[in-house]
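Here is how the chains run, residue by residue.
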Amino acid sequence: DVGVIVILQYFQDYCDPDTPQDEMDETLQQLRPQVSGALLRQWNFSEDMIEVAEESEQWFRNPKKEVDLCDLVLLAQYHSLMGTPAMEQIPPITTLPAMRKFSMGPQESIELIRQSQKEIREIEALLH
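A brief look at the structure comes next. Everything numeric in this text was worked out from a predicted model, so none of it was measured.

**Details of the pattern of salt bridges**
Part 1 of the argument: Tallied over the full model, the rule gives 10 salt bridges.
Part 2 of the argument: Here Asp71 and Arg61 are joined by a salt bridge, their closest N and O atoms 2.9 Å apart. Within this pair, whereas Asp71 is found in helix α4 (residues 69-81), its partner Arg61 is found in the loop between α3 (47-55) and α4, the two being separated by 10 residues in sequence.
Part 3 of the argument: By relative accessible area, Asp71 is classed as buried at 0%.

Right under this line is the structure:
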C-alpha cells in the first residue's frame, strides 16, 4: 500500500480540506494499486512484488495455474479480515481461485494456523 502515502500527500497539498471522507476513501481505493505499482516499477522492484501491489485486492484474479506470491498475499489478507466487519464485504474463501490453488479448504487452513502458533509467537517476539 505504498501508493497510499503518495495519494494522501497529494490530498494534503492540493485538495480542499473539506472534501468528504467517503470521496477520499473511494479515490484511495481506486488509485492505490496503480500508484503503488508505478512506484515499485520506478524503484526497480521485481515483477512479483509489482503484481502484489497492483492485484492484491482482486479476490478472483487467476492468471496462472500455479500459486504465486499474490495468491499468498490475498489469502493472508483474507485471514487477517476474519472476524471483522469487513468479512461481510468479501466473498467466501472457498470461491477464491487462490484458495483452490493451495488445495486446502477452510478447515485445513485454520488447522495450519493453529499448528503454526508457536512459530508465529517466536517471530512476534523477535519483532518486539
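**A short note on the nonpolar core**
Across soluble globular proteins, nonpolar side chains show a tendency to be buried alongside one another.
Part 1 of the argument: One finds Val52, Trp59, Cys70, Leu74, Leu75, Tyr78, Ile90, Ile93, Leu96, Ala98 and Met99 forming the largest nonpolar core, which totals 11 residues.
Part 2 of the argument: In this view, Tyr78 contacts Trp59, Met87, Ile90, Pro91, Pro92, Ile93 and Leu96; residues no more than four positions away in its chain are not counted.

**Remarks on unusual backbone geometry**
Comment: phi is negative for the bulk of residues other than glycine, and the bulk of peptide bonds are trans.
Part 1 of the argument: Notably, Asn44 is not glycine yet its phi reads approximately 60°, a positive angle.
Part 2 of the argument: Structurally, Asn44 can be placed in the loop between α2 (21-42) and α3.

**A closer look at the packing of aromatic side chains**
We describe a pair of aromatic rings using the distance from one ring centre to the other and the angle between the two ring planes.
Part 1 of the argument: What the rule picks out here adds up to 3 aromatic pairs.
Part 2 of the argument: A ring pair is formed by Trp43 and Phe45, whose centres lie 6.5 Å apart and whose planes are at 50°; its orientation type is tilted.
Part 3 of the argument: Under the relative-accessibility criterion, Phe45 is labelled partly exposed at 39%.
Part 4 of the argument: The interplanar angle of 90° and the centroid separation of 5.7 Å between the aromatic rings of Trp59 and Tyr78 together place this pair among those described as edge-to-face. Of this pair, Trp59 sits in the loop between α3 and α4 while Tyr78 sits in helix α4, and the two are 19 residues apart along the sequence.

**Some points on a negative patch on the surface**
Part 1 of the argument: On the surface, a cluster of negative charge is contributed by Asp22, Glu23, Asp25 and Glu26.
Part 2 of the argument: The residue Glu23 is located in helix α2 in this model.
Part 3 of the argument: Looking at Glu23, the relative accessible area reads 45%, which means it is partly exposed.

**Some thoughts on the packing of α3 against α4**
Part 1 of the argument: At their nearest, the axes of α3 and α4 sit 9 Å apart, and the two run at 40° to each other. On the basis of the axis angle, α3 is oblique to α4. For α3 against α4, the interelement crossing comes out right-handed. Contact residues: α3 offers Asp48, Met49, Glu51, Val52 and Glu55, while α4 offers Leu69, Cys70, Val73 and Leu74.
Part 2 of the argument: For the contact of α3 with α4, the per-class residue count stands at 6 nonpolar, no polar and 3 charged.

**Observations concerning a nonpolar patch on the surface**
Part 1 of the argument: On the surface, a cluster of nonpolar side chains totalling about 470 Å² of accessible area is made up of Trp43, Phe45, Met49, Leu69 and Leu72.
Part 2 of the argument: In this fold, Phe45 is placed in the loop between α2 and α3.

**Remarks on the packing of helix α1 (residues 2-14) against α2**
Part 1 of the argument: Orientation of α1 relative to α2, taken along the N-to-C sense of each, is 125°, at an axis distance of 7 Å. In this view, α1 runs oblique relative to α2, as classed from their interaxial angle. Relative to α2, α1 is oriented so that their crossing is right-handed. On α2, the residues that touch Val2, Gly3, Val4, Val6, Ile7, Leu8 and Phe11 of α1 are Met24, Thr27, Leu28, Leu31, Arg32, Val35, Ser36, Leu39 and Leu40.
Part 2 of the argument: Its residues placed into classes, the contact of α1 with α2 shows 12 nonpolar, 3 polar and 1 charged.

Parameters at a glance
- Residues numbered from 1 in each chain as written.
- Predicted model: local features only at pLDDT ≥ 70, side-chain atom pairs only at ≥ 80, totals over all residues.
- Heavy atoms only, no water.
- Salt bridge = Lys/Arg side-chain N within 4 Å of Asp/Glu carboxyl O.
- Helix = DSSP H or I, 4+ residues; strand = E, 2+ residues; numbered from the N terminus.
- Buried < 20%, exposed > 50% of the residue type's maximum accessible area, 1.4 Å probe, protein only.
- Core = buried A, V, L, I, M, F, W, Y, C linked by side-chain atoms within 4.5 Å.
- Contact = heavy atoms within 4.5 Å.
- Phe/Tyr/Trp six-rings, centres within 6.5 Å; stacked < 30°, edge-to-face > 60°.
- Patch = residues over 30% accessible without salt bridge, like charges linked within 9 Å, V, L, I, M, F, W, Y side chains within 5 Å.
- Areas by Shrake-Rupley, 256 points an atom, 1.4 Å probe, with all protein chains shown as cover.
- Lys, Arg positive; Asp, Glu negative; His and termini not counted.
- Charge placed at Lys NZ, Arg CZ, Asp CG, Glu CD.
- Axes fitted to C-alpha atoms, helices over the stretch in contact; angles between N-to-C directions.
- Parallel < 35°, antiparallel > 145°, perpendicular 65-115°, else oblique.
- Left-handed = near helix turned anticlockwise from the far one by under 90°.
- Nonpolar A, V, L, I, M, F, W, Y, C, P; charged D, E, K, R; others polar.

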